[in-house]
Amino acid sequence: MKRVAWILLLLPALACFVEEPQKVVRQDLGYSAVFPGTPRSARYNESTPFGEIEWFNTSYSSTNRFDQTCSVEVGTLPAGNQGGSNQEEILRTLREWITWRYPGSITELNRGRGPGFEYTSKGSKENVIKGIIVLRRGRLHHARGATSDPTDTGFTNFLRSFEVDP
């Protein structure tokens, strides 16, 4: 009975919990971004049109909303010409791959932010997926977020804050 009483006392405090935005600067991976809350890091390998890529991932999942995620992945293109031998070919392969993974709209980034793309896609249920991919120094930098509310300030600030070092 005492445990139930403590839980009932803690519920209002937990309901009021607000996460603080966290700026992540990864000089080793060449990017910065402001996540809506505290992110965690991981590494994984994935088969891509360019060959096997090891991704360094920083991701955030809301603790008080189950409909929002934000992540930045950085992977170095493997040696060789699989997927393209120059920037134009690599970007074409990248565009096809992203369009296949996230069907929807895709637009080129402006010269100062790219080379790369921004995309918008529908996810499961009513979620919207938005992302930015930048190709720099032989690396793919991919910021991606999913949410049921694309006007949420944490979500929009995350995508707006994503920068790749020149």
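The structure we're discussing is the one just above.
Not measured: the values here are computed from a predicted model.

## Points about the pairing of strand β5 (residues 69–76)
At step 1: Most of β5 is tucked away, with 6 of its 8 residues classed as buried.
At step 2: Both strand β4 (residues 51–61) and β5 contribute to a ladder of 7 bridges, which runs antiparallel. In the strand pairing of β5, N57 is matched with E73.
At step 3: As judged from the 8 bridges shared by β5 and strand β9 (residues 139–147), these two strands associate in the antiparallel manner. Within the sheet, the bridge partner assigned to S71 lies in β9 and is R144.

## Some details on unusual backbone geometry
Note: most residues except glycine have negative phi, and most peptide bonds are trans.
At step 1: A cis geometry characterises the amide bond from G114 onward to P115, with omega recorded as 10°.
At step 2: Tracing the backbone shows P115 in the loop between β6 (104–108) and β7 (116–122).
At step 3: A positive phi angle, close to 50°, is found at R137, a residue other than glycine.
At step 4: Tracing the sequence through the fold places R137 in the loop between β8 (128–136) and β9.

## Here's the deal with the sheet that holds β9
At step 1: Reading across from one edge, β3-β4-β5-β9-β8-β7-β6 is the order of the 7 strands in this open sheet, with antiparallel pairing throughout. In the strand order of this sheet, the two ends are held by β3 (40–48) and β6, each with one partner. Strand-to-strand twist in this sheet, taken as the mean axis angle between neighbours without regard to direction, amounts to 20°.
At step 2: Bridge count for β6 against β7 is 5 bridges, and the pairing is antiparallel. Bridge pairing in β7 links I106 to Y119.
At step 3: Each of β5, β8 and β9 touches helix α3 (residues 153–161); the most contacted strand, β9, lies at about 170° to it.

## Quick notes on the packing of aromatic side chains
At step 1: Enumeration over the complete set of coordinates arrives at 3 aromatic pairs.
At step 2: An angle of 45° between the planes, with centres 6.3 Å apart, marks the rings of Y31 and F162 as tilted. Highlighted residues: Y31 in strand β2 (residues 31–35) and F162 in the loop between α3 and β10 (163–164), separated in sequence by 131 residues. Per residue, the accessibility class of Y31 equals that of F162, and both read buried.
At step 3: Summarising the aromatic geometry, the rings of Y102 and Y119 are spaced 4.9 Å apart at their centres and angled 15° between planes, so their arrangement reads as stacked. With Y102 in the loop between α2 (87–101) and β6 and Y119 in strand β7, this pair connects stretches of sequence that are 17 residues apart.

## A word on the sheet that holds strand β1 (residues 22–26)
At step 1: One open sheet accounts for 3 strands, arranged β1-β2-β10; its pairing is antiparallel. Edge strands, defined here as strands with exactly one partner in the open sheet, are β1 and β10.
At step 2: Sheet analysis places β1 next to β2, joined by 5 bridges and oriented antiparallel. Within β2, the position partnered with V24 by the bridge is A33.
At step 3: Packed on one face of the sheet, α3 meets β2 and β10 and runs near 170° to β2.

## Observations regarding α2
At step 1: Here α2 is 15 residues long and its end C-alpha atoms lie 21 Å apart, about the 21 Å a rise of 1.5 Å per residue gives.
At step 2: Against β3, β4, β6, β7, β8 and β9 lie the buried residues of α2.
At step 3: Measuring from the side-chain oxygen of the N-cap residue of α2 to the backbone nitrogen of E88 gives 3.1 Å; that N-cap residue is N86.

## Re α3
At step 1: Burial in α3 covers these residues: G154, F155, T156, F158, L159 and S161.
At step 2: Looking at the buried positions of α3, the neighbouring elements they touch are β2, β5, β8, β9 and β10.
At step 3: Between a side-chain oxygen at the N-terminus of α3 and the backbone nitrogen of G154 the separation is 3.1 Å; the capping residue is D152.

Reading the values: rules and limits
Residues numbered from 1 in each chain as written. Predicted model: local features only at pLDDT ≥ 70, side-chain atom pairs only at ≥ 80, totals over all residues. Heavy atoms only, no water. Buried < 20%, exposed > 50% of the residue type's maximum accessible area, 1.4 Å probe, protein only. Helix = DSSP H or I, 4+ residues; strand = E, 2+ residues; numbered from the N terminus. Pairing = 2+ DSSP bridges. Axes fitted to C-alpha atoms, helices over the stretch in contact; angles between N-to-C directions. Contact = heavy atoms within 4.5 Å. Phe/Tyr/Trp six-rings, centres within 6.5 Å; stacked < 30°, edge-to-face > 60°. Expected span 1.5 Å × (residues − 1). Polar contact = N/O pair within 3.5 Å; in protein donor to acceptor, adjacent residues only side chain to side chain.

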